[in-house]
Amino acid sequence: MTALLSLDRVSLHYARGHRHVVAVLADVSLEVRAAEVVCVWARRGRGKTALLRVAAGIEAPDGGRVVFAGKDLACLSDRQRSRLLAQEIGWVAGAGPNLDVPTLAHVAMPLSFAHGARAASRLAHDALRRVGAGDCAARHWASLADWERALVAIARGIAREPKLLLVDDLTAMLGPDETDEVMRLLAALAHERDLAVLCSVSSAGATGWSDRFATLSGGELLMPPGEPTPRRGEVIGLPGAGPRA
Amino acid sequence: MSTGMVVLGLLAERPDNGYRLERRLNERLSSARFERGAAQHALKRLSMRGYVRCVEEEYRATASGVERFESWLRSATAMPPERDELMARLALCRPGDMPHLIEVLREAELACTARLEDLNARTREQERSADLQDWEAHMSVAAIAGTAAWWDARIKWLGDLRAGLQRAWLGYEAEQRGAAPPRTRR
């Protein structure tokens, strides 16, 4: 299957004052196909968000190509890229609304322009129910627990039915159970909606439901080659634990 | 960790007597805990294998000793990687070894990542085929989280080591060219 999003030898540098240069991305190549979840896993501050911004076309790389659905993002005008972000690429991050509005309005907000207020509310309700956060609709952001906020953020991301979902370290504040739930939900959404999901995570526990994952450090993206082969019935041992009694 | 290889590396740098070698061993690898007399025991073993010879109470690495040390320095790490062994290699590597060690670290990181990916796939397969009750599901997640955290720590550590070594290598290369070293951070 051809890739929906492809990054080809992408590099990005940030200047820090006059003397320092940070190589955030160095020759990064990555492909994300429809109906799959790809995780990029790194410590905080290692360029995960920058990678997603480049993938979304929000930021132009210093070198390399970013191709989304066959279109080279560098060849698109600002208006075309904005349209892409509004219609085909969903951005999911943990940040809440700037206005103190009920969750339903927060999720519906990006839909209102294209669909009108009533249809936007209905679509937002559907999205909230799909992620299991239907009961959060009337509540305000401040009253939501971290895992509920993660679900609401996903609902907002999928409400416009994008082809690609970019998820920025949504599980950073969550415990193992909630992380597992959120990642499982993303995997389910990817498969049922033919959605490509590129997800940045800061812990290995969040990679459990990804189809593939890569690490990012020193600007370099490392992804093991080939697909893992599941072996049915094998006992999973803790490393170094030795044979079971 | 192989104390013998560390001693051999120290002697490849410069010949030394047993007492000073013991001191250098503990200074260079302060994070590892060597037993008293570790250098002397290692010297005996290395002499028997022809990697080291003693001339007037001063030990020197032989040509085959230097070759053996270099091949150890550039070989693949144990899996999962062992902290002291990797730290010893980093402590003893010379500028010319850096690209090899960067590659060794990259390979180790990829191998760890592949292990974790394999673990994830098997866990998913088991979860899908099993009908777990709430408590069982919670325990399953907790067990996986424990294992994942173990790999998480190692893979992040390997990534940090690699990034650090890459910066050091860039600095060295620039210095050799006579240019100012790149002022990079992280």
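Criteria and cut-off values
- Residues numbered from 1 in each chain as written.
- Chains lettered and ligands numbered in written order.
- Predicted model: local features only at pLDDT ≥ 70, side-chain atom pairs only at ≥ 80, totals over all residues.
- Heavy atoms only, no water.
- Helix = DSSP H or I, 4+ residues; strand = E, 2+ residues; numbered from the N terminus.
- Rg over C-alpha atoms; globule rule 2.2 N^0.38 Å.
- Buried < 20%, exposed > 50% of the residue type's maximum accessible area, 1.4 Å probe, protein only.
- Contact = heavy atoms within 4.5 Å.
- Areas by Shrake-Rupley, 256 points an atom, 1.4 Å probe, with all protein chains shown as cover.
- Lys, Arg positive; Asp, Glu negative; His and termini not counted.
- Charge placed at Lys NZ, Arg CZ, Asp CG, Glu CD.
- Pairing = 2+ DSSP bridges.
- Axes fitted to C-alpha atoms, helices over the stretch in contact; angles between N-to-C directions.
- Disulfide = S-S within 2.5 Å.
- Core = buried A, V, L, I, M, F, W, Y, C linked by side-chain atoms within 4.5 Å.

Draft legend 1. The arrangement of the overall build of chain A in detail. Counting its regular elements, chain A contains six helices and ten strands. The C-alpha radius of gyration of chain A comes to 19 Å, within 12% of the 18 Å expected for a compact globule of 245 residues. For the C-alpha atoms alone, the extent of chain A along its principal axes is close to 55 × 55 × 40 Å. Out of the 245 residues in chain A, the part that is buried amounts to 47%. If you take every contact in chain A between residues at least 6 apart in sequence, the share linking residues at least 24 apart comes to 69%. When the accessible area of chain A is evaluated, it comes to approximately 11700 Å², of which 51% is carbon and sulfur surface. Across chain A, the 29 positively charged side chains and the 27 negatively charged ones have centroids separated by 3 Å.

Draft legend 2. Layout of the sheet that holds strand 2 (residues 20–32) of chain A. All names here are of chain A. Ordered by their spatial adjacency, four strands build an open sheet running 2-1-4-5, and the pairing between neighbours is antiparallel. Strand pairing shows two members of the sheet lacking a second neighbour, strand 2 and strand 5 (71–72), which therefore form its edges. Note that strand 1 (residues 5–16) and strand 4 (residues 63–68) share five bridges and pair antiparallel. The partner of Ser-11 across the bridge, within strand 4, is Gly-63. Across the face of the sheet, helix 1 (residues 48–56) comes into contact with strand 1, strand 2 and strand 4 while running at roughly 125° to strand 1.

Draft legend 3. Molecular detail of the state of the cysteines. All names here are of chain B. With the rule as written, the count across this model stands at zero disulfides over all chains. With no disulfide of its own, Cys-93 lies closest to Cys-112 among cysteine sulfurs, the gap being 19 Å. On the basis of relative accessibility, which here comes to 16%, the residue Cys-93 falls in the buried class.

Draft legend 4. Just the environment of B:Arg33, in detail. Residue and element names in this part refer to chain B. Mapped onto the elements of the fold, Arg-33 is located in the loop between helix 2 (18–28) and helix 3 (38–48). Classification of Arg-33 as exposed rests on a relative accessible area of 84%. For the pair formed by Arg-33 and Asp-84, sequence separation is 51 residues and the distance between their alpha carbons is 9.3 Å.

Draft legend 5. Examining the nonpolar core more closely. Membership of the largest hydrophobic core comes to 88 residues, with the highest contact counts inside it found for A:Ile154, B:Val7 and B:Leu116. Per-element tally for this core: the top contributor is helix 6 (residues 98–129) of chain B, with nine residues. With 33 residues, the next largest nonpolar core counts A:Val54, A:Val66, A:Phe68 and A:Ala196 among its residues.

Read these as spatial facts, not as claims about activity.
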